[in-house]
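Residue-level structure breakdown
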Amino acid sequence: MRSAAAAARTATGAPTARGRVPLAGHSLRFRRDALRFVRELRRHGPLTKIYIGPRPVHFVTDPELVREVVAVQARAFEKGAMFTTLRAPLGDGLITSAGDRHLRHRRLMQPAFHHERIARYARVMAERSRASAAAWEPGTTRDLVPEIHRLTLDILLRTLYAGAPDDLELHAAVQDWLAVKYHSMRLALSPVHAWAERVPLLPAWRPPHTGPLERLAAVQRRIIAAYRADGRDRGDLLSMILLAEGADGALTDTEVVDELITLFLAGTGTVSAALAWSLHEIARRPGVQRRIHEEVDSLPAGRPSGIGDLPALAYTRRVLAEVLRLYPPSWLLMRRTVRPVTLGGTRLPQGAEVFFSPYALHRDPHLYEDPDRFDPERWPHDAAAKAPRHTYLPFGAGSRLCIGEEFAWAELTLALAAFTAHRRLTPAGADPVRPLVGTVLRPDRLLLTAHRRPV
Ligand code: HEM
């Protein structure tokens, strides 16, 4: 039987969070300190209503209700406002698509991320990370944020297109396109955008994506045509995506282009952010860094590292698991109901926007003891030992679970091992590192000094 409280919520809807102001709703609080704002919402209960300008959003703060959204009732949800905005610069790939299209594409994309493929990509990850780390002269200080971004993009380009890793036109087109796409989260949380959508005669607030998107799509078509012409499996993501076939055929060129563009968005900013936060944490913690050094030193010398080394890097992986808990790059996830849904006793109409925050869950004192403390020992066996379900969501969960999760673990572990193998890192610069809250949660900059090791 439903409780009286649940019945009352059904009648009255979820409570509105404190701090709503006319016109802007809760957007000013989001803008002032988004991380604090999302953490504090649990005070209002498992489901609370916030407003982005005029747009109501149901914010889920309870892991059981998150499970309802991402798993139990997953088919009642599609991606929400941000993804409608994103469809313009991104096309309709895995991240933005819904329903049967998403299922079909997911099935066709999955083989490109199988374990044995990741083993091939891992060689590229290790080799490029080693080259990037080796170029860092001992005794010098660098801002690692742009450095790491270059590295993750380089790795993605070489694992996507083994047949065109140095295609200059491709590199230029990707750079141009990456420069415009990051506005999507800002637009999704903007009250001005939410109001503009209510006035059909006003054009919606759009980033200037068209030119860069068309250029990137044209280059991809040229590369796809070359791949199709010789039909070889080059051991990369693109070959596998082109080879995959389901009962209703393979992906068309246009669909492949959308998926490739999606992978640029999904597979660069997230990994860069996680790697940057990892280096930030270990540079400040000599004891943690020493244990990573011990692990890296135990790897056999004289042969290139790869996926076979991952089991020996168990502590390194625990450090990464803790970094992804404290700084989940995808700090805010969004959905929209495709039909009326009852969530924790509250009835949501079709079209209701629903948000939940891995960051807020990961720092909830009811779910994690002393949640702001960095402690890799929370992960006693290894990071794969799952935390209580739906309390640890750096890669999401359910049918929209990150398809690149294993790719990301391999890349992060091998890159962290490469950066620490011959260097000891210490923080530099007097200013504290600050979180930048955009589509991903990343450090604003990361000044570190490298020292030769062993010293
Ligand atoms: C540390 C790195 C990464 C993090 C934290 C991360 C996080 C996430 C999260 C949270 C989702 C689910 C979003 C939602 O439920 O709304 C997701 C989806 C996705 N990720 Fe990742 N990701 C990472 C790396 C990657 C990489 C390396 C790739 C590909 C090369 C990738 C490709 C994707 C794709 C295509 C989706 C959409 C999946 C679907 O809806 O079927 N991600 N990621």
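You'll find the structure just up there.
Bear in mind the structure is a predicted one, so any value in this text is a computation, not a measurement. (Residues numbered from 1 in each chain as written. Predicted model: local features only at pLDDT ≥ 70, side-chain atom pairs only at ≥ 80, totals over all residues. Heavy atoms only, no water.)

1. Quick notes on the layout of surface pockets
For clarity, the threshold we go by: A 1.4 Å probe that fits into a set of points on a 1 Å grid over the protein atoms alone but cannot get out defines a cavity; an open set with protein on both sides within 12 Å along at least five of seven lines defines a pocket, and lining residues are those with an atom within 4 Å of a point. Grid points are joined across faces, edges and corners, and a volume is the space filled by probe spheres set on the points. Where helices and strands are cited, they refer to DSSP runs of H or I of at least four residues and of E of at least two residues respectively, numbered from the N terminus. Each residue receives one of three labels: charged for Asp, Glu, Lys and Arg, nonpolar for Ala, Val, Leu, Ile, Met, Phe, Trp, Tyr, Cys and Pro, and polar for the others, Gly being one of them.
Reported here for the largest pocket is a volume of approximately 770 Å³. In terms of lining, the largest pocket is formed by 30 residues, of which the most central are Leu436, Val437, Gly438, Thr439 and Val440. At the level of elements, helix 2 (27–40), helix 7 (144–160), helix 9 (184–188), helix 13 (253–284), strand 10 (435–437) and strand 11 (441–443) are the ones that each hand at least two residues to the lining of the largest pocket. Of the residues that constitute the lining of the largest pocket, the class distribution is 18 nonpolar, seven polar and five charged.

2. Considerations on empty space enclosed by the protein
Inspection of the entire model under this criterion finds two cavities of 30 Å³ or more. Roughly 900 Å³ of internal volume is contained in the largest cavity. Going through the elements one at a time, helix 4 (81–90), helix 5 (99–109), helix 13, strand 5 (333–337) and helix 17 (405–421) are the ones with two or more residues in the lining of the largest cavity. The leading source of residues in the lining of the largest cavity is helix 13, at eight residues. Elements that contribute at least two residues to the lining of the second largest cavity include exactly helix 2 and helix 16 (358–362). Broken down by class, the residue content of the lining of the second largest cavity amounts to four nonpolar, two polar and three charged.

3. Quick notes on the pairing of strand 5
The line we're drawing: With a 1.4 Å probe rolled over the protein chains alone, any residue whose accessible area is under 20% of its type maximum counts as buried; one over 50% counts as exposed, and the rest are partly exposed. Here the rule is simple: two strands pair whenever DSSP picks up at least two bridges between them.
Strand 5 sits mainly inside the fold: five of its five residues count as buried. Residues Leu333, Arg335 and Thr337 of strand 5 are buried on one face, and the alternating residues Met334 and Arg336, pointing to the opposite face, are buried as well. By the bridge criterion, two bridges tie strand 3 (residues 77–78) to strand 5 in an arrangement that is antiparallel. By the bridge assignment for strand 5, glutamate 78 is matched with arginine 336.

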